[in-house]
2 protein chains.
Amino acid sequence: MRILLTNDDGIYAPGLRALRKELLSLGEVMTIAPAAEQSAAGHSVTLLTPLLIQEVFDDERKPIGYAVEGRPADCVKLALLELLPWKPDLIVSGMNAGSNAGINVLYSGTVAAAIEGAFYHYPAIAVSLEYTKLKPLDFPKAATYAIQIIRQILRKPLGAGSLFNVNIPSLEKGPIAGVKVVPQNITAYTERFDRRMDPRGRTYFWAGSDLDCPDPHSETDVTALAESYITITPLQYDLTAHAKLADLREQSWTVE
Amino acid sequence: MRILLTNDDGIYAPGLRALRKELLSLGEVMTIAPAAEQSAAGHSVTLLTPLLIQEVFDDERKPIGYAVEGRPADCVKLALLELLPWKPDLIVSGMNAGSNAGINVLYSGTVAAAIEGAFYHYPAIAVSLEYTKLKPLDFPKAATYAIQIIRQILRKPLGAGSLFNVNIPSLEKGPIAGVKVVPQNITAYTERFDRRMDPRGRTYFWAGSDLDCPDPHSETDVTALAESYITITPLQYDLTAHAKLADLREQSWTVE
């Protein structure tokens, strides 16, 4: 099996390294990931500036892939169009430091990289580990869970462009409660900005770190993760509100 | 009527100025947009660095809003949480220089700003003008079409979080063929990178400008726009592949 591994935390991030180690049990792994952290990059892409690449090696100085001075989605594009010597059987993105659930799925560079792979008709899995402030994240342990879920996803043949979002709950909260297949929660988060003044008297804002989702729908990625379940959400990237098409078509639309 | 206007081309972009002029016929308009161009920013947001703001004035030195040194989605967050003196009745994003149809909807900062507004339960409309290399874009003319579509969207009461993606075809191609309500095309584009070498011998890639969508589904935003129709696509931001939930739930999922 041939796997493209990417992420949004950067090619040297510990979450990627831990996941790569587990993925090697499935076959060949080529890592093509951002040179620098790209958290909350969403599905941004680089159109106007060049994308420098650099070959990257493991501790035994064996080549493992390329660092790209670009976005997560750029890495997947470049991998599929230019850098990979083969067509991958699977694209894995992660393991992200911090969960990607609810509407945060749309901000996530980790998930965007997986969606980019699906654009090119490859099956792709995004994997994230819930963050807590208690301790450094236990990526090696979380990766042993991630690889079990990936193996179970692979038991059934994956159609072209199959797309999965997997979240591992914080291991500091206690034992894993189990595994749940759940939809993305789409209720709002509460956010907060600090208003401050710079040394030149200019106003600036700084996003607070306390994201709270006060009213999640039950049995979604947000609630299941809070209950210490590993969550699996099948994704798609059609943003059309299909249910609204018919009503809109009944209206008369004209321009002069 | 109170309108928040934003974009991804930057607060001084001619597309925003043309659209603002038309929107003033509907009521009060406050402009809160990126200080610099943010094309293809997708739904990226700024979590780790400060967001400087600066008040912006029109040619008569009357205040029109704020420039934000951040992403389109940051602008909408800041507007709704900190900067707007009122709750908007409508959020408009654009008019973008270049269409946002097909999977490009996911790369678009223009659309992401509208989606961010929908996260906060406000109705939002993204407006884009198809780009051609023939001539400078005729934003003032295109804005007269955009405002007609926006007025027609407003004829029916908009539910909280109603979201629309509007594309105006290039006016260089000939007369507008009409208006179509269509879903987002989700087939792939063909893309190309130039492989080059920098003066230090390092490899870099540069994304080509010739995006082609060779096999669009018929009666989608991509095909209707190609036929010179103005397109209206109702959007949603639930990325769950709901049709796949039941099958996945039938599988047995465990971790040890």
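For the structure, see preceding data.
Residues numbered from 1 in each chain as written. Chains lettered and ligands numbered in written order. Predicted model: local features only at pLDDT ≥ 70, side-chain atom pairs only at ≥ 80, totals over all residues. Heavy atoms only, no water.

(A) Fine view of the overall build of chain A. Secondary structure summary: chain A contains seven helices and eleven strands in total. Over its C-alpha trace chain A gives a radius of gyration of 19 Å, about what one expects of a compact globule, namely 18 Å for 256 residues. With the C-alpha coordinates aligned to their principal axes, the bounding extent of chain A is approximately 60 × 45 × 45 Å. For chain A, the proportion of its 256 residues judged to be buried stands at 61%. Here the analysis covers contacts within chain A between residues at least 6 apart in sequence; of these, 77% occur between residues at least 24 apart. Total accessible area on chain A is roughly 10800 Å²; 51% of this is exposed by carbon and sulfur atoms. Side chains of chain A carry 24 positive and 30 negative charges; the gap between the two charge centres is 4 Å. (Helix = DSSP H or I, 4+ residues; strand = E, 2+ residues; numbered from the N terminus. Rg over C-alpha atoms; globule rule 2.2 N^0.38 Å. Buried < 20%, exposed > 50% of the residue type's maximum accessible area, 1.4 Å probe, protein only. Contact = heavy atoms within 4.5 Å. Areas by Shrake-Rupley, 256 points an atom, 1.4 Å probe, with all protein chains shown as cover. Lys, Arg positive; Asp, Glu negative; His and termini not counted. Charge placed at Lys NZ, Arg CZ, Asp CG, Glu CD.)

(B) Broad picture of the interface of chain A and chain B. With 79 residues of chain A at the contact, the number on the chain B side is 79 residues. Roughly 7700 Å² is buried in total at the junction of chain A and chain B, and carbon and sulfur atoms are behind 62% of that figure. Counting across the chain A and chain B interface gives two salt bridges. Across the pair glutamate 191 of chain B and lysine 77 of chain A runs a salt bridge whose closest N-O atoms are separated by 2.7 Å. At the boundary of chain A and chain B, one finds 32 residue pairs in polar contact (both at pLDDT 80 or more). Class assignment of the residues belonging to the side of chain A that touches chain B gives a composition of 46 nonpolar, 18 polar and 15 charged. (Buried area = accessible area lost by both parts, 1.4 Å probe. Salt bridge = Lys/Arg side-chain N within 4 Å of Asp/Glu carboxyl O. Polar contact = N/O pair within 3.5 Å; in protein donor to acceptor, adjacent residues only side chain to side chain. Nonpolar A, V, L, I, M, F, W, Y, C, P; charged D, E, K, R; others polar.)

(C) Layout of the side chain of serine 170 of chain A. All names here are of chain A. Secondary-structure assignment places serine 170 in the loop between strand E7 (163–168) and strand E8 (178–181). Residue serine 170 is classed as buried on the basis of its relative accessible area of 2%. Once you skip the residues sitting within four places of it in the chain, serine 170 turns out to touch Glu130 and Thr132.

(D) Representation of the packing of aromatic side chains within the structure. Scanning all chains against the criterion turns up eight aromatic pairs over all chains. Ring centres 4.7 Å apart and planes at 80° place the aromatic pair phenylalanine 119 of chain A and tyrosine 237 of chain A in the edge-to-face group. Taken as a pair, phenylalanine 119 of chain A in helix H4 (residues 109–119) and tyrosine 237 of chain A in the loop between strand E11 (229–234) and helix H7 (245–250) lie far apart in primary sequence, 118 residues in all. For the ring pair tyrosine 204 of chain B and tryptophan 206 of chain B, a centre distance of 6.1 Å and an interplane angle of 65° mean the geometry is edge-to-face. Here tyrosine 204 of chain B falls in the buried class, since its relative accessible area comes to 14%. Three or more aromatic residues joined by ring pairs form one cluster here, namely Tyr107 of chain A together with Phe119 and Tyr237 of chain B. One residue, lysine 180 of chain A, lies across the ring of tyrosine 229 of chain A, its end atom 4.3 Å from the ring centre. The residue whose ring lies beneath arginine 155 of chain B is tryptophan 253 of chain A, and the NZ or CZ to ring-centre distance is 5.8 Å. (Phe/Tyr/Trp six-rings, centres within 6.5 Å; stacked < 30°, edge-to-face > 60°. Lys NZ or Arg CZ within 6 Å of the ring centre and 35° of its normal.)

(E) Structural detail: the nonpolar core. In this structure, Ile32 of chain A together with Ile32 of chain B are the most contacted members of the largest nonpolar core, which totals 90 residues. By size, the runner-up hydrophobic cluster in this structure holds 40 residues, among which are Val92, Met95, Leu129 and Ile153 of chain A. (Core = buried A, V, L, I, M, F, W, Y, C linked by side-chain atoms within 4.5 Å.)

(F) How the structure looks around the relation of the copies chain A and chain B. Expressed as a screw transformation, the operator carrying chain A onto chain B has a rotation angle of 180° and an axial translation of 0.0 Å, and the superposed copies differ by an RMSD of 0.0 Å. These values place the two chain copies in the arrangement generated by a two-fold rotation axis. Interface overlap between copies is the fraction of interface residues in one copy that are interface residues in the other; for chain A against chain B it reaches 100%, indicating a shared surface. (Least-squares fit on C-alpha atoms with pLDDT ≥ 70 in both.)

(G) Region of the structure containing the packing of helix H1 (residues 14–23) of chain B against helix H5 (residues 139–153) of chain B. All names here are of chain B. Remark: H1 packs on H5, axes separated minimally by 9 Å, with the N-to-C direction vectors making an angle of 45°. Considering their axes alone, H1 and H5 lie oblique with respect to each other. The two elements H1 and H5 meet at a crossing, and its hand is right-handed. Along the contact surface, H1 presents Pro14, Gly15, Ala18, Leu19, Glu22 and Leu23, while H5 presents Phe139, Pro140, Ala143, Thr144, Ala146, Ile147 and Ile150. (Axes fitted to C-alpha atoms, helices over the stretch in contact; angles between N-to-C directions. Parallel < 35°, antiparallel > 145°, perpendicular 65-115°, else oblique. Left-handed = near helix turned anticlockwise from the far one by under 90°.)

(H) Just the pairing of strand E3 (residues 51–57) of chain A, in detail. Bridge analysis of E3 of chain A against strand E10 (residues 203–207) of chain B gives two bridges, and the strand direction is antiparallel. Residue pairing across strands places leucine 52 of chain A opposite tyrosine 204 of chain B, the latter belonging to E10 of chain B. Where E3 of chain A and strand E4 (residues 63–68) of chain A come together, five bridges link them in antiparallel fashion. Counterpart to glutamate 55 of chain A in the pairing with E4 of chain A is tyrosine 66 of chain A. The hairpin formed by E3 of chain A and E4 of chain A contains five residues between the paired strands, and arginine 61 of chain A there has a positive phi angle of roughly 60°. (Pairing = 2+ DSSP bridges.)

(I) A look at the packing of helix H2 (residues 72–83) of chain A against H4 of chain A. All names here are of chain A. Contact pair H2 / H4: the axes reach a minimum separation of 7 Å and the direction vectors enclose 30°. As judged from the angle between their axes, H2 and H4 are roughly parallel. With respect to the hand of their crossing, H2 and H4 are arranged in right-handed fashion. Across the interface between the two elements, Pro72, Ala73, Val76, Lys77 and Leu80 from H2 touch Gly109, Ala113, Glu116 and Gly117 from H4. Of the residues that constitute the contact of H2 with H4, the class distribution is five nonpolar, two polar and two charged.

(J) Local environment of the pattern of salt bridges. Counted by the stated rule, this structure contains 18 salt bridges over all chains. Its salt-bridge partner being glutamate 227 of chain B, residue lysine 180 of chain B comes within 3.9 Å of it at the nearest N-O pair. Of this pair, lysine 180 of chain B sits in strand E8 (residues 178–181) while glutamate 227 of chain B sits in the loop between helix H6 (221–226) and strand E11 (229–234), and the two are 47 residues apart along the sequence. According to the relative accessible area criterion, lysine 180 of chain B is buried, its value standing at 18%. Through salt bridges with shared partners, a single ionic network connects Lys77 and Glu116 of chain A together with Glu191 of chain B.

(K) Inspection of helix H2 (residues 72–83) of chain B at higher detail. Residues and elements named next belong to chain B. The terminal C-alpha atoms of H2, which comprises twelve residues, lie only 14 Å apart, well short of the 16 Å expected from a rise of 1.5 Å per residue. The buried fraction of H2 is high, at ten of twelve residues. Among the residues making up H2, those that are buried are Pro72, Ala73, Asp74, Cys75, Val76, Lys77, Leu78, Ala79, Leu80 and Leu83. (Expected span 1.5 Å × (residues − 1).)

Interpretation note: all reported values are geometric properties and have no functional meaning in isolation.
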